[in-house]
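Now for the letters of each chain:
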Amino acid sequence: MPVISERGIEMPNSPIRKLAPLSDSAKARGLKVYHLNIGQPDIATPEAGLDAIRNLDRKILEYSPSDGYRSYREKLVGYYAKYNINVSADDIIITTGGSEAVLFAFLACLDPGDEIIVPEPAYANYMAFAVSAGAVIRGVSSTIEEGFSLPSIDKFEELINERTKGIMICNPNNPTGYLYTRAEMNQIKSLVQKHDLFLFSDEVYREFIYTGSPYISACHLVGIEDNVVLIDSVSKRYSECGIRIGALITKNKELRNTVMKFCQARLSPPLIGQIIAEASLDADPDYFRDTYDEYVERRKFLIDGLNRIPGVYSPIPMGAFYTVARLPVDDADKFCAWCLSDFEYDGQTIFMAPASGFYTTAGLGKDEVRIAYVLNKEDLGNALIVLEKALETYNSLPRK
Ligand SMILES: Cc1ncc(COP(=O)(O)O)c(C=O)c1O
């Protein structure tokens, strides 16, 4: 038999999806499974975007330019300006989801063996994209006790060596919901400047910030414009995960030209997705108000509910729609699998993402799970009841 690549073998399974077969079996047994594992919002897509598909009237579904339609990129300039992000259409490259933006950023900036430092827990696919590029992620651990704030900059400094090429942050953060403060962003800027690193900043959740604290984009940091690579996506903003539209934004011309070679090789980002995403820029302002209010309520409901369960602790996430909670269990991987394979309460069970897969440092996150609050309050309420019952039952099982 031909031999699979080492890279293929090294490629991690998604911690978000790896328990999916157990969930499928639970559903096949007739159980209702509450999906707390995945950031697929149940919020409707804006009408402006849906109308764009309804009114689609084309004779040819052609390739678009490799960097995306200029009309869309020009309209995005106005969107970013509202966040004080001053970019031109030529700084923006449209990608097949934010996922492709991360992959192309890594492929264009990192050689095999190069390292990037990432505060962990981190969005797990960064690990997968790093493996794709042959690069190495060095995790700097943030802790639940400190609300997952930025670890001390000394910890980053300790990891910097001749192979270090960049820092990757996610702000607001998936999985922790943490929002970096101005002071923290300035610390990151100084580090990037001092060692002339790339700063990959994934800001796909900027619409979802709940505390009134300012959103400091990497693009606001003066003096490191050529170092910054902004990762963006419409997936969460407009509940358009399926249209596969994201963006890579950089003012670094050499990097843009390099990324464009990867874009040209894959020919073009999705045509229909761009049409929908462009139309969605005209979404009714009420759409965002209603969506935002809904997430504010869900967040409070979930976090209060979690912290009321004996032994469970969750910090209050400031943004995005996830939290990392600590559970009173020996091994969250085992517990999450057990919930799907061996437990039910009233015909229901829960699907959570074990947090260990969001860390690169082995052994971390063993008693933590990531919970997405993308379900309506009634379902979240039921899921909380199921979680409490599951913990009681699991912890009363005889241990080997
Ligand atoms: C932090 C973060 N970045 C990037 C992505 C990728 O999004 P997409 O490829 O759907 O645009 C996601 C999706 O969940 C995410 O949570």
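Residues numbered from 1 in each chain as written. Predicted model: local features only at pLDDT ≥ 70, side-chain atom pairs only at ≥ 80, totals over all residues. Heavy atoms only, no water.

### Observations concerning the domain arrangement of the protein
The assigned domain composition of the protein is domain 1 (6-44 + 286-394) and domain 2 (58-280). Across the interface of domain 1 and domain 2, roughly 3,200 Å² is buried in total on both sides, 65% from carbon and sulfur atoms. Area buried by domain 1 at its contact with domain 2 is led by Met318, Phe358 and Thr360, which between them contribute 21% of it. Arg326 is paired through a salt bridge with Glu145; the nearest N and O atoms lie 2.9 Å apart. Between domain 1 and domain 2 we count 15 residue pairs in polar contact (both at pLDDT 80 or more) in total. Secondary structure elements with two or more residues in the side of domain 1 that touches domain 2: helix 1 (6-10), helix 11 (285-308), strand 9 (322-326) and strand 12 (368-372). For the side of domain 1 that touches domain 2, the residue count by class is 24 nonpolar, eight polar and six charged. (Domains from an automatic or database assignment. Buried area = accessible area lost by both parts, 1.4 Å probe. Salt bridge = Lys/Arg side-chain N within 4 Å of Asp/Glu carboxyl O. Polar contact = N/O pair within 3.5 Å; in protein donor to acceptor, adjacent residues only side chain to side chain. Helix = DSSP H or I, 4+ residues; strand = E, 2+ residues; numbered from the N terminus. Nonpolar A, V, L, I, M, F, W, Y, C, P; charged D, E, K, R; others polar.)

### Description of the site of the ligand
With respect to spatial proximity, 14 residues lie near the ligand, and among them Gly98, Ser99, Asp202, Ser233 and Ser235 are the closest. Within the contact set of the ligand, an oxygen atom lies 2.5 Å away from a side-chain nitrogen or oxygen of Ser99. In isolation the ligand exposes 400 Å². Once the protein is present, 92% of that is buried. If you tally residues by element for the shell around the ligand, the top one is helix 5 (residues 97-109), at three residues. Of the residues assigned to the shell around the ligand, the class counts are five nonpolar, six polar and three charged. (Near = heavy atom within 4 Å. Areas by Shrake-Rupley, 256 points an atom, 1.4 Å probe, with all protein chains shown as cover.)

### Things to note about the sheet that holds strand 4 (residues 136-141)
The strand order across the open sheet formed by seven strands is 2-8-7-6-5-3-4, and the pairing between neighbours is mixed. Where the open sheet ends on each side, the last strands, each with one partner, are strand 2 (92-95) and strand 4. Neighbour to neighbour, the strand axes of the sheet diverge by 25° on average, direction disregarded. As judged from the five bridges shared by strand 5 (residues 164-170) and strand 6 (residues 198-202), these two strands associate in the parallel manner. Residue pairing across strands places Met168 opposite Phe200, the latter belonging to strand 6. Its contacts with the sheet place helix 8 (residues 182-195) against strand 5 and strand 6, and it is angled at close to 165° to strand 5. (Pairing = 2+ DSSP bridges. Axes fitted to C-alpha atoms, helices over the stretch in contact; angles between N-to-C directions. Contact = heavy atoms within 4.5 Å.)

### Observations regarding unusual backbone geometry
For the peptide bond that leads from Glu120 to Pro121, omega is 5°, which places it in the cis range. Inspection of the secondary structure puts Pro121 in the loop between strand 3 (115-120) and helix 6 (125-133). The omega angle of the peptide bond from Asn171 to Pro172 is -10°, so this bond is cis rather than trans. Relative to the helices and strands, Pro172 is located in the loop between strand 5 and helix 8. Unusually for a residue other than glycine, Ser239 sits at a positive phi of about 50°. On the secondary structure map, Ser239 appears in the loop between strand 7 (228-233) and strand 8 (246-249). Backbone geometry places Asp346, a non-glycine residue, at a positive phi of 60°. Its location among the elements puts Asp346 in the loop between helix 12 (332-341) and strand 10 (348-351).

### What to know about the packing of aromatic side chains
Taken as a whole and assessed by the stated rule, the structure comprises 22 aromatic pairs. Centre to centre, the rings of Phe106 and Phe200 are 5.4 Å apart; their planes meet at 75°, and the pair counts as edge-to-face. Of this pair, Phe106 sits in helix 5 while Phe200 sits in strand 6, and the two are 94 residues apart along the sequence. In terms of burial, Phe106 and Phe200 fall into one category: buried. Between the aromatic rings of Tyr205 and Tyr322, the centroid separation amounts to 5.5 Å while the plane-to-plane angle is 90°, which identifies the pairing as edge-to-face. (Phe/Tyr/Trp six-rings, centres within 6.5 Å; stacked < 30°, edge-to-face > 60°. Buried < 20%, exposed > 50% of the residue type's maximum accessible area, 1.4 Å probe, protein only.)

### A word on the pairing of strand 2
Both faces of strand 2 are covered, namely the face carrying Ile92 and Ile94 and the face carrying Ile93 and Thr95. One ladder, built from four bridges, connects strand 2 with strand 8; its direction is antiparallel. Considered in strand 8, the bridge of Ile94 is made with Ala247.

### Regarding the pattern of salt bridges
Under the counting rule described, the total for this entry stands at 28 salt bridges. Put simply, Lys75 and Asp282 hold a salt bridge, and the shortest N to O gap is 2.9 Å. With a gap of 207 residues between them, Lys75 in helix 4 (residues 70-81) and Asp282 in the loop between helix 10 (271-280) and helix 11 connect regions that are remote in the sequence. Using a relative accessible area of 32% as the deciding quantity, one classes Lys75 as partly exposed. In this structure Asp282 comes out as exposed when scored by relative accessible area, which is 52%.

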